[in-house]
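Analysis of the macromolecular model
Here is how the chains run, residue by residue.
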Amino acid sequence: ELQYMYATKDVDASIPFVVNDDLMTIANSILRLEEETISDTKALLSHDDLAKAVSLLRKAEVIDIYSKSSYVYLAQGFMQKLYSIHKMVNVDANIGNPILQAAMGDETHVAIVISYSGETPITLNAAFKAQSKGTPIIAITSISQSTLSKMADVSLRISSQEMLNTNIG
C-alpha cells in the first residue's frame with residue numbers, strides 16, 4: 001500500500017496546481033490527473049473481482065447504493081444507466097436515511113457502498129445493516145484494508161493517490 005501511495009506520478013493528486021499557475025497549466029494538470037486516475041483505476045481492477053461484482057448485480061432484484069453525499073451525483077448517473085436496462089436502483093440522497101434503506105434490504109438486493117477511505121461512519125453503518133439483512137455488498141473503495149473492504153463480498157478498488165488530509169478538493 002505504501003509503495004502504491006508513493007509511486008511517482010506526473011501530477012500530484014492532492015495539489016495538482018498552485019496559485020501562480022496560468023489557466024492553461026491548470027487545465028493541462030487537471031487533464032493529466034484525470035487520465036492518470038482512469039488508468040490507475042483500470043490497473044487496480046481484478047478480472048475475478050469484476051466478474052463477481054457483475055454476477056451479484058445480475059442476480060439482484062434491487063440495487064441499493066450508499067455513499068457520502070459528495071458521491072451521490074455519480075451514483076445517480078449510474079442509476080439512470082441501470083434504469084435503461086430495467087434494473088431497480090435505490091440511491092440514498094438524504095444523510096441519515098441509508099440505515100433505513102439498508103434495513104429494507106435482503107438477499108434479493110445487492111448493496112454498492114462507495115467510500116474513498118472505507119471508514120466513513122454513515123456508509124459503514126449502512127453496510128453493517130445491509131450485511132445483517134443478508135444483502136451482498138460490493139465495495140468501491142481505495143486499496144487499503146479498510147473496515148468496508150474487509151466486510152464486503154467483493155471490493156472494486158479505485159485510484160487513491162489523493163491524500164485525504166492534504167488535498168484541495
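The rules behind the values
Residues numbered from 1 in each chain as written. Predicted model: local features only at pLDDT ≥ 70, side-chain atom pairs only at ≥ 80, totals over all residues. Heavy atoms only, no water. Pairing = 2+ DSSP bridges. Helix = DSSP H or I, 4+ residues; strand = E, 2+ residues; numbered from the N terminus. Axes fitted to C-alpha atoms, helices over the stretch in contact; angles between N-to-C directions. Buried < 20%, exposed > 50% of the residue type's maximum accessible area, 1.4 Å probe, protein only. Polar contact = N/O pair within 3.5 Å; in protein donor to acceptor, adjacent residues only side chain to side chain. pLDDT = per-residue confidence, 0-100. Right-handed = clockwise from strand over helix to strand, strands pointing away.

Some details on the sheet that holds strand β2 (residues 88–91)
In any sheet, the strands associate via hydrogen bonds between backbone groups, in a parallel or an antiparallel arrangement. Read from one edge of the open sheet, 5 strands run β2-β1-β3-β4-β5, paired in parallel fashion. On the outer flanks of this sheet lie β2 and β5 (154–157), each paired with one strand and no other. Strand-to-strand twist across the sheet, computed as the mean angle between neighbouring axes with direction ignored, equals 20 degrees. In the sheet, strand β3 (residues 109–115) pairs with strand β4 (residues 137–141) via 5 bridges, with the strands oriented parallel.

A closer look at the environment of Ser46
With respect to the element layout, Ser46 can be found in the loop between α2 (23–44) and α3 (47–59). By relative accessible area, Ser46 is classed as partly exposed at 29%. In sequence terms Ser46 and Arg157 are 111 residues apart; their C-alpha atoms lie 8.7 Å from each other. A polar contact is formed between the side chain of Ser46 and the backbone nitrogen of Asp49, at a distance of 3.2 Å.

Here's the deal with the confidence of the model for the chain
Detailed conclusions should not be drawn from predicted coordinates in areas where pLDDT is low. The share of residues in the chain with pLDDT of 70 or more is 82%, and the mean pLDDT across the chain is 84. Of all the helices and strands in the chain, helix α1 (residues 2–5) carries the lowest mean pLDDT, 56, while α3 carries the highest, 96.

Concerning the pairing of β4
Of all 5 residues in β4, 4 are buried, a share of seventy percent or more. Traced from β3 through helix α6 (residues 121–132) to β4, the parallel crossover comes out right-handed. Where β4 and β5 come together, 4 bridges link them in parallel fashion. Note on β5: the bridge partner recorded for Thr141 is Arg157.

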